[in-house]
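Structural characterization, general
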Amino acid sequence: MKILVVDDSRAMRMIVQRTLRQAGFDATIVEAENGQEALDKTKSEKPDLILSDWNMPVMSGIEFLNALRGGGNNTKFGFVTSESTPAMRAQAVGSGAAFLISKPFNADTFKDTLNGVV
Amino acid sequence: MSTQALDPVPVPRLEEIKGTFCMLLAKDVRVEQCKSYEKHSDDGVISIVRDDEGNALAAVQVDAKIAAGAGAALTLMPAGPVKEVKTSADVFPTHLENFREIANVLAGLMNSQSSPHVTLGEVIRIADGLADDVRELRANPTRRDVFDIDIPGYSAGRLYVFVR
């Protein structure tokens, strides 16, 4: 399995990877710093799952998701974000996200959420 | 969005603060409500939480050694330099940048459906100087909560939450 982790924070990308390992997901990890870079890497790397932050420079997570779906790409997609209002959740689901994990999270959060998706 | 007639931003609960530190640092960080608190420290690292109009509605201040310790532990940096931190001026830029991740998650916890939407603004060393609105918030908050934090192997100190 290949997972694309998208976050403008290097530390947070590292933490997501660590949590994936703790949750038992033995995956190849690809990283991107913003939505635009992630869009390019989705095409070149063809990940099975995308875990993306919401607020990022250059291209936000929701803009990335909309561009992805607008281009006909249906790769499984979830948000991992520090902010998760009901409006954001509705927007995420409406745009084609499978889930939204809010921080703080732990390995159990990842297990419970991702096992139903991948 | 007007901030009139809305509730104050919520203070993160103790278990939320603990969960944030434990998640980000992958350590069993001890967090307890401080019971013997008189006045906040004059120095430290402060994270400003602002509404969509830029108003400072809340702030999270930590002792310099907590910012340094958390910043180091976040990316498994050695604890040695943290022990030398005496004031916020001693906090390395890398530690400060890493600490911003913790501040960002804590700011996210300060949103609710009945309060103004807020996001993390600047994260600064108090030694570098504070803007007037932040000084005023620290001096006259409507609510102030204090927590004792112990990051195993790195540092211990206090975390203060100020809400306008």
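Residues numbered from 1 in each chain as written. Chains lettered and ligands numbered in written order. Predicted model: local features only at pLDDT ≥ 70, side-chain atom pairs only at ≥ 80, totals over all residues.

Attention shifts here to the overall build of chain A. A count of helices and strands for chain A gives five helices and five strands. N-terminal to C-terminal, the α/β element order of chain A is β-α-β-α-β-α-β-α-β-α. Taking 2.2 N^0.38 as the reference for a compact globule, 118 residues should give roughly 13 Å; the C-alpha atoms of chain A span a radius of gyration of 13 Å, in line with that estimate. When the backbone C-alpha atoms are referred to their principal axes, chain A occupies close to 35 × 35 × 25 Å. Among the 118 residues that make up chain A, the fraction classed as buried is 37%. Within chain A, counting contacts between residues at least 6 apart in sequence, those at least 24 apart form 62% of the total. (Helix = DSSP H or I, 4+ residues; strand = E, 2+ residues; numbered from the N terminus. Rg over C-alpha atoms; globule rule 2.2 N^0.38 Å. Buried ≥ 20, exposed ≤ 12 C-beta atoms within 10 Å, placed from the backbone. Contact = placed C-beta atoms within 7 Å.)

Turning to the packing of helix 1 (residues 14-25) of chain B against helix 2 (residues 64-74) of chain B, a few remarks are in order. Two quantities define a packed helix pair, namely the angle between the helix axes and the distance between the axes. Residue and element names in this part refer to chain B. Running from amino to carboxyl end, helix 1 crosses helix 2 at an angle of 40 degrees, the nearest separation of the two axes being 8 Å. It follows that helix 1 is oblique to helix 2 by the angle criterion. For the pair formed by helix 1 and helix 2, the contact residues are F21, L24 and L25 on the first element and A70, A73 and L74 on the second. Taken together, the residues of the contact of helix 1 with helix 2 break down into six nonpolar, no polar and no charged. (Axes fitted to C-alpha atoms, helices over the stretch in contact; angles between N-to-C directions. Parallel < 35°, antiparallel > 145°, perpendicular 65-115°, else oblique. Nonpolar A, V, L, I, M, F, W, Y, C, P; charged D, E, K, R; others polar.)

Here we come to the sheet that holds strand 2 (residues 28-32) of chain A. Residues and elements named next belong to chain A. Spatially, five strands are ordered 2-1-3-4-5 in an open sheet, and the strand pairing comes out parallel. A strand with exactly one partner marks an edge of an open sheet, and here the two such strands are strand 2 and strand 5 (99-102). The sheet shows a mean angle of 20 degrees between the axes of neighbouring strands, direction not considered. In this structure, strand 3 (residues 49-52) lies alongside strand 4 (residues 76-81), joined through four bridges in parallel fashion. Across the sheet, the residue bridging to S52 is F79, located in strand 4. Together, strand 1 (2-6), strand 3 and strand 4 form the strand contacts of helix 3 (residues 61-70), whose direction differs from that of strand 4 by roughly 175 degrees. (Pairing = 2+ DSSP bridges.)

Right, let's get into helix 3 of chain A. Residue and element names in this part refer to chain A. Considered for burial, the residues of helix 3 that qualify are G61, I62, F64, L65 and L68. Along the long axis of helix 3, the arc covered by the buried residues comes to 155 degrees, so they all point the same way. At its buried positions, helix 3 is contacted by strand 1, helix 2 (35-45), strand 3, strand 4 and helix 4 (86-95). Just beyond helix 3, the residue with positive phi is G72, at close to 85 degrees. (Arc of directions from axis to C-beta.)

What follows covers helix 2 of chain B. All names here are of chain B. Most of helix 2 sits inside the fold, with eleven of its eleven residues counted as buried. For helix 2, the complete set of buried residues consists of A64, K65, I66, A67, A68, G69, A70, G71, A72, A73 and L74. Once helix 2 ends, the next one or two residues include L76, with phi positive near 60 degrees.

A word on the packing of helix 3 of chain A against helix 4 of chain A. Residues and elements named next belong to chain A. In the contact formed by helix 3 and helix 4, the axes pass within 10 Å of each other and the chain directions differ by 20 degrees. As summarised for this structure, helix 3 and helix 4 are arranged roughly parallel, according to the angle between their axes. As for the relative orientation of helix 3 and helix 4, their crossing is left-handed in sense. Between helix 3 and helix 4, the residues in contact are I62, L65, N66 and R69 and Q91, A92 and S95, respectively. Taken together, the residues of the contact of helix 3 with helix 4 sort by class into three nonpolar, three polar and one charged. (Left-handed = near helix turned anticlockwise from the far one by under 90°.)

This part is about the pairing of strand 6 (residues 155-163) of chain B. Residue and element names in this part refer to chain B. With five bridges connecting them, strand 3 (residues 56-62) and strand 6 associate as antiparallel partners. Paired with V62 across the strands is L159, a residue of strand 6. Hairpin connection between strand 5 (residues 143-151) and strand 6: a loop of three residues separates the two successive antiparallel strands, and G153 in this loop has a positive phi of roughly 85 degrees.

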